[in-house]
Amino acid sequence: MTTRLTIDLDALAANFHTLKAEAAGARVCPVVKADGYGLGAAQASRRLFDEGARDFFVARLEEGEALRAALPEPDAVIHVLDGTVAGTESRLQAAGLSPVLSSLDEARAWRGPPAALHVDTGMNRIGVSIDDALALAKSGLRPCLIMSHLGRADDPAQPRNAQQLAAFLPVRAAFPDAPASLAASAGMFLGPDYRFEAVRPGISLYGGGPRDRPDPRIRAVATLEAPVLQLRDLKAGEAVGYGTMFTAPRAMRIAVVGAGYADGIIRRAHRGARAWLDGASAPIVVVTMDLIAIDVSECPKAKVGDMVELLGPDALLDDLAAASDSVAHECLVRLGPRAQRLYLPR
Ligand SMILES: *Cc1c(COP(=O)(O)O)cnc(C)c1O
């Protein structure tokens with residue numbers, strides 16, 4: 001009876017194959033940055049490699065080095081989104097990592113094997129400008145991948161998607177030998193025009209719907225459960241926890257559960273997130289560092305020792321994210337090291 005984070009690698013594999021079917025022939029390149037969105041980059045990548053993935057994306061050099069050590073075969077390509085930030089060229093090459101080049105200077109200075117080129121098509125975050133990309137094409141650069149990233153792919157109605165796609169097409173045409181990649185999880189679902197030769201899903205591998213809401217095609221990968229430590233009956237007007245975080249609007253029964261924001265449940269989750277026990281949902285009313293109070297007025301069978309699902313196949317990641325005024329990505333990466341971790345299948 002302890003707080004437990006279960007990571008279902010079969011569900012991860014199922015999501016990979018679902019995305020592969022959606023990608024309809026485009027290579028699916030898992031994004032395993034931030035320790036596989038908090039779920040364990042080594043475990044996730046090894047399983048995805050077994051399922052056929054051969055191209056991975058991480059953000060940092062150190063993540064790439066760790067991934068190289070974790071993967072069984074040297075033939076996996078590991079793209080490092082940070083590129084060649086000052087002085088990392090030799091370490092990148094030593095570990096057989098492929099930087100994603102995002103500036104003219106980086107692209108000109110890189111001496112290793114062909115690397116990916118990241119072009120900014122309107123997200124205004126990172127990447128070479130379209131003009132610089134065209135100039136690099138003229139000067140003979142031969143990237144192994146030409147890529148860009150979408151800023152509003154979660155909403156298919158946004159004109160920005162079509163604008164970024166239109167901006168990407170001439171760049172892609174300037175590098176006719178390089179496979180192209182525009183879509184992350186959400187972009188993959190914008191339609192075939194957005195898929196090109198490679199897609200880079202992250203969150204939908206790990207259980208998040210591509211549009212920031214639950215999607216029945218995507219399975220939950222992470223389950224966070226914690227035991228009921230105490231039950232208590234409140235009278236109307238009684239407060240729970242520090243200050244006036246929660247005042248019972250009526251007589252109610254609450255269960256105090258052994259997990260808190262130190263385990264990654266965002267403090268704001270009390271604004272509408274629901275935990276599950278015994279097949280019934282119970283609103284989260286207070287989140288403190290180690291303890292969460294849930295309203296079990298509708299769960300008459302709740303007893304001390306019962307395991308409560310705070311995140312998982314019932315307490316869906318996207319619902320938790322929406323209730324916490326966050327995104328699924330943040331909810332996952334916050335899942336702390338304190339819970340006992342269990343990988344399935346064992
Ligand atoms: C993080 C990231 C992704 C993955 O995005 P998801 O929304 O998790 O699918 C893809 N491409 C780039 C450049 C990224 O930074």
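Remember, it's a predicted structure, so these values are computed and weren't measured experimentally.

Thresholds applied
Residue numbers here run from 1 along each chain, matching the order of that chain's written sequence. Side-chain atom pairs in this predicted model are given and counted only at pLDDT of 80 or more, local residue features only at pLDDT of at least 70, and totals for whole chains, interfaces and linings cover all residues. Computation of side-chain values covers all heavy atoms of the structure but excludes hydrogens and water. The axes used here are C-alpha line fits, helices contributing only the stretch in contact, and every angle between their N-to-C directions lies in the interval 0 to 180 degrees. Secondary structure counts use DSSP, requiring at least four H or I residues in a row for a helix and at least two E residues in a row for a strand, with both numbered from the N terminus. Convention used here: angles under 35 degrees read as roughly parallel, angles over 145 as roughly antiparallel, angles from 65 to 115 as roughly perpendicular, and any remaining angle as oblique. For a crossing to be left-handed, the near helix must be turned anticlockwise from the far one by less than a right angle; the clockwise case is right-handed. Any two residues whose heavy atoms approach within 4.5 Å at even a single point are treated as in contact. Gly is put with the polar residues, along with every residue not named as nonpolar or charged; the nonpolar set is Ala, Val, Leu, Ile, Met, Phe, Trp, Tyr, Cys and Pro, and the charged set is Asp, Glu, Lys and Arg. Summary of the distance rule: residues count as near a molecule or strand when at least one heavy atom falls within 4 Å of that molecule or strand. Counted as a polar contact is a pair of N or O atoms within 3.5 Å, where, for protein atoms, one must be capable of donating a hydrogen and the other of accepting one, and residues adjacent in sequence contribute only when both atoms are in side chains. Computed with the Shrake-Rupley method and a 1.4 Å probe, the accessible areas treat only the protein chains shown as cover for residues. The working definition used for a salt bridge is a side-chain nitrogen of Lys or Arg within 4 Å of a carboxyl oxygen of Asp or Glu. Burial classes: relative accessible area under 20% of the type maximum marks a residue as buried, over 50% as exposed, and values in between as partly exposed (1.4 Å probe, protein chains only). Segment limits for the domains were obtained from an automatic or database-derived domain assignment. Computed with a 1.4 Å rolling probe, the buried area is the accessible surface lost when two parts are put together, summed over both parts. To estimate how far a helix should reach, multiply one less than its number of residues by 1.5 Å. In plain words, nonpolar cores are sets of buried Ala, Val, Leu, Ile, Met, Phe, Trp, Tyr and Cys residues tied together by side-chain atoms within 4.5 Å.

Trainee: Help me understand the packing of helix α7 (residues 130–138) against helix α8 (residues 159–174), please; the structure alone is not making it clear to me.
Mentor: The axes of two packed helices give the description: the angle between them and the distance between them. The contact between α7 and α8 brings their axes to 9 Å, and the two run at 10 degrees. In terms of orientation, α7 lies roughly parallel with respect to α8. Classified by chirality, the crossing of α8 by α7 is left-handed. In this structure, α7 contributes Ile130, Ala133, Leu134 and Ala137 to the contact, and α8 contributes Ala167, Pro170, Val171 and Ala174. For the contact of α7 with α8, the per-class residue count stands at eight nonpolar, no polar and no charged.

Trainee: What exactly am I supposed to notice about the site of the ligand here?
Mentor: Lining the immediate environment of the ligand, one finds 14 residues, of which Lys33, Tyr37, Ser185, Gly202 and Ile203 sit closest. At a separation of 2.5 Å, an oxygen atom of the ligand approaches a polar side-chain atom of tyrosine 37. In the environment of the ligand, an oxygen atom lies 2.5 Å from a nitrogen or oxygen atom belonging to the side chain of serine 185. Across the complex, the protein chains shield 89% of the 390 Å² of accessible surface that the ligand would expose by itself. Of the residues that constitute the shell around the ligand, the class distribution is seven nonpolar, four polar and three charged.

Trainee: Just checking my understanding: could you explain the pattern of salt bridges for this structure?
Mentor: Following the criterion strictly, the structure yields 21 salt bridges and no others. In this structure, arginine 91 and glutamate 65 form a salt bridge, with 2.9 Å as the shortest nitrogen-oxygen distance. You can see arginine 91 sitting in helix α5 (residues 89–94) and its partner glutamate 65 sitting in helix α4 (residues 61–70), a full 26 residues away along the chain. When its relative accessible area of 24% is taken as the criterion, glutamate 65 is described as partly exposed. Of the charged contacts, one joins glutamate 197 and arginine 172 as a salt bridge, the two residues approaching to 3.0 Å between their closest N and O atoms. Of the two residues, glutamate 197 is situated in the loop between α9 (185–188) and β9 (198–199) and arginine 172 in helix α8; the sequence distance between them amounts to 25 residues. For glutamate 197, a relative accessible area of 31% gives the class partly exposed.

Trainee: Can you help me understand the domain arrangement of the protein chain in this one?
Mentor: For an interface, size is often stated in terms of accessible area lost upon the parts coming together. Partitioning the protein chain into domains gives domain 1 (9–205) and domain 2 (222–344). Taking the mean C-alpha position of each, domain 1 and domain 2 sit 36 Å from one another. Each partner contributes to the roughly 830 Å² buried at the junction of domain 1 and domain 2, and carbon and sulfur atoms together form 67% of this total. The three residues of domain 1 that bury the most area against domain 2 are Tyr37, Leu39 and Ile203, which together make up 59% of that side's buried surface. On the surface where domain 1 and domain 2 come into contact, there are zero salt bridges. Counting every contact that joins domain 1 to domain 2 gives three residue pairs in polar contact (both at pLDDT 80 or more). Within the residue set of the side of domain 1 that touches domain 2, elements represented by two or more residues are α1 (9–23) and α2 (33–37).

Trainee: Could you clarify how one ought to interpret α1 in this entry?
Mentor: The periodicity of an α-helix, 3.6 residues per turn, causes residues three or four places apart in sequence to face the same way. Taking 1.5 Å per residue, 15 residues should reach 21 Å; α1 reaches 21 Å between its end C-alpha atoms and fits that length. Among all positions of α1, only Leu9, Ala11, Leu12, Ala13, Asn15, Phe16, Leu19 and Ala23 are buried. In this structure, the buried residues of α1 make contact with β1 (4–8), β2 (27–28), α3 (41–50), α9, β9 and β18 (340–344). Alanine 24 sits one or two residues past α1 and shows a positive phi near 45 degrees.

Trainee: Hey, could you run me through the nonpolar core in this one?
Mentor: The nonpolar side chains of a soluble globular protein tend to be buried, and buried together. Among the nonpolar cores identified, the biggest contains 108 residues, and Leu117, Ile294, Leu310 and Leu332 are the most heavily contacted of them. Counting residues per element, this core draws most heavily on α1, which supplies six residues. Two domains each provide a minimum of three residues to this core, namely domain 1 (9–205) and domain 2 (222–344). Sequence-distant contacts of isoleucine 294, that is, excluding residues within four places in its chain, are made with Arg253, Ile254, Ala255, Val257, Ala275, Leu277, Ala282, Pro283, Ile284, Val285 and Val308. Of all hydrophobic cores here, the second largest spans nine residues; its members include Leu234, Phe246, Ala248 and Val286.

Trainee: How should α8 be read in this particular structure?
Mentor: The terminal C-alpha atoms of α8, which comprises 16 residues, lie 24 Å apart, in line with the 22 Å expected from a rise of 1.5 Å per residue. Listed as buried for α8 are Asn161, Gln164, Leu165, Ala167, Phe168 and Val171. Elements that come into contact with the buried residues of α8 comprise α7, β7 (145–147) and β8 (180–181).

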